[in-house]
Amino acid sequence: MLVLAHISDLHLDGTERATERAERVRDRLWALPGRVDALLVTGDIADHGTEAEYEEAARLLGLRDGATPFPVLTCPGNHDSRAPYRKALLGEPAADGPVNSVHVFDDAAVLMCDSSIPGRDEGELDEETYAWIEATLDELNGAVPALLAFHHPPVALHHPLPDAYQLRRPGSLAALLERRPEVAGLITGHAHTPAATSFAGRPLVVGPGVTWTLRLPWEGEGAADRDAPPGFAFHVLDDEGRLTSHFRVA
């Protein structure tokens, strides 16, 4: 059984508000008394994509000093910038290509995929990323179930804001899933609302936002509910390959 914590859309911008909300969730997760295998952070870690914002994220998430109770796995969102992200968050040489990484556990694998398009708000898994997903799954050879995590949901969530900036070419992702029964589910962010649906016959879970929560059309005017508490999720992939998600606020 794989147990994952999940946060998204921190939008760290150097303000006291953004830092406090991110630290509030971090402190809740770091103090958990039970087992969590990893923390997923599905994009929009920074608000403006600057090195200073990623340096704060690295400090806050313990990525520099190793002061984390479990691995922290990240992928970029549309507010992120690949070169500063690599340099200041990951401690790698600055480069502009997709930021993809695989993490293999005893019971499953998690592929953190880059759905960002530099300079755009909508998303896309580009050909390089699709080739990487296929090659990575080939190497795993179906030995464990896999989860794909990325920023942009590939389906409508029934609000005009996130629905205007979905994942492009969802048919390409659906075709990959048809070829790859070992993919047990999809985990995304971007919409600032906890949501659960399906895509191409697989579970699709959208993590809540840390910075603010999306107010749905029937909940009132204004998209951003800045007074709602920051949210996070727990995902459990059990021994039967079933993905179960639980949502919390800090």
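Above: the structure in question.
One numbering rule holds for all chains: residues counted from 1, following each sequence as written. Selection of residues for local features in this predicted model requires a pLDDT of at least 70, selection of side-chain atom pairs for listing and counting requires 80 or more, and totals for whole chains, interfaces and linings are taken over all residues. Side-chain metrics rest on all non-hydrogen atoms present in the structure, leaving aside hydrogens and water.

Enquirer: Mind showing me how you'd approach the nonpolar core here?
Expert: Soluble, globular proteins show a tendency: their nonpolar side chains are buried together. We define the nonpolar core as a collection of buried residues of types Ala, Val, Leu, Ile, Met, Phe, Trp, Tyr and Cys that are connected through side-chain atoms lying within 4.5 Å of one another. The cut-offs for exposure are 20% and 50% of the maximum accessible area for each residue type, with area from a 1.4 Å probe on protein chains only; residues under the lower value are buried, those over the upper are exposed, and the others partly exposed. By size, the foremost hydrophobic cluster in this structure holds 28 residues, and its most contacted members are Ile7, Leu29, Leu39 and Val41. A run of H or I in DSSP becomes a helix once it reaches four residues, and a run of E becomes a strand once it reaches two; helices and strands are each numbered from the N terminus. Looking at this core, the elements that each hand over two or more residues are strand E1 (2–7), helix H1 (16–30), strand E2 (38–42), helix H2 (51–60), helix H3 (82–90) and strand E12 (231–237). Whether two residues touch is decided by their heavy atoms; if any such pair falls within 4.5 Å, the residues are in contact. Apart from the residues within four sequence positions on either side, Leu29 is in contact with Ala5, Ile7, Leu39, Phe70, Phe232 and Phe234. Ranked by size, the runner-up nonpolar core spans 25 residues in total, among them Cys113, Leu148, Leu157 and Leu173.

Enquirer: Sorry if this is basic, but what is going on with unusual backbone geometry here?
Expert: Outside of glycine, negative phi angles account for most residues, and trans bonds account for most peptide bonds. The backbone of His11 sits at a positive phi, close to 50°, despite the residue not being glycine. A relative accessible area of 8% means that His11 is categorised as buried. Despite not being glycine, Ala200 shows a phi value in the positive range, around 50°. Along the chain, Ala200 turns up in the loop between strand E8 (195–199) and strand E9 (202–206).

Enquirer: Even after reading the chapter, I still don't get the pattern of salt bridges, so can you show me in this structure?
Expert: Any two side chains of opposite charge can pair if their charged atoms end up close together. Whenever Lys or Arg places a side-chain nitrogen within 4 Å of a carboxyl oxygen from Asp or Glu, that contact is recorded as a salt bridge. What the rule picks out here adds up to 20 salt bridges. As a salt-bridge pair, Arg179 and Glu134 come within 2.3 Å of each other at their nearest N and O atoms. Taken together, the positions of Arg179 in helix H6 (residues 170–179) and Glu134 in helix H4 (residues 127–140) put the pair 45 residues apart, joining distant regions of the chain. Here Arg180 makes a salt bridge to Glu134, at a shortest N to O gap of 2.9 Å. Separated by 46 residues along the polypeptide, Arg180 in the loop between H6 and strand E7 (183–188) and Glu134 in helix H4 bring together distant segments of the chain. Note on accessibility: Arg180 and Glu134 belong to one class, buried. When salt bridges with common partners are traced through the structure, they connect Arg120, Glu122, Glu124, Glu127, Arg168 and Arg169 into a single cluster.

Enquirer: I'm lost on the side chain of Ser115 in this one. Help?
Expert: In this fold, Ser115 is placed in the loop between strand E5 (109–112) and H4. Separated by 3.3 Å, the side chain of Ser115 and the backbone nitrogen of His151 make a polar contact. Aside from chain neighbours lying at most four places away, what touches Ser115 is Gly123, Glu124, Leu125, Phe150, His151, His152 and Leu167. Definition of a polar contact: a pair of N or O atoms within 3.5 Å, with one able to donate and the other able to accept a hydrogen when the atoms are protein atoms, and with sequence-neighbouring residues admitted only if both atoms are side-chain atoms.

Enquirer: What exactly am I supposed to notice about the packing of aromatic side chains here?
Expert: For any two aromatic rings, the description comes down to two numbers: the centre-to-centre distance and the angle of the planes. Aromatic rings from Phe, Tyr and Trp, taking only the six-membered ring of Trp, are treated as a pair when their centres fall within 6.5 Å; an angle between ring planes under 30 degrees marks them as stacked, one over 60 as edge-to-face, and anything in between as tilted. Applying the stated criterion across every chain yields a total of three aromatic pairs. On the numbers, 5.5 Å between centres and 80° between planes, the contact of Trp30 with Phe70 is edge-to-face. With Trp30 in helix H1 and Phe70 in the loop between H2 and strand E3 (72–75), the pair connects residues that are 40 residues apart, well separated along the chain. Between the aromatic rings of Tyr54 and Tyr85, the centroid separation amounts to 5.6 Å while the plane-to-plane angle is 75°, which identifies the pairing as edge-to-face. Taken together, the residues span a long stretch of sequence, with Tyr54 in helix H2 and Tyr85 in helix H3 at a distance of 31 residues. According to the relative accessible area criterion, Tyr54 is buried, its value standing at 0%. For Tyr85, a relative accessible area of 0% corresponds to the buried category.

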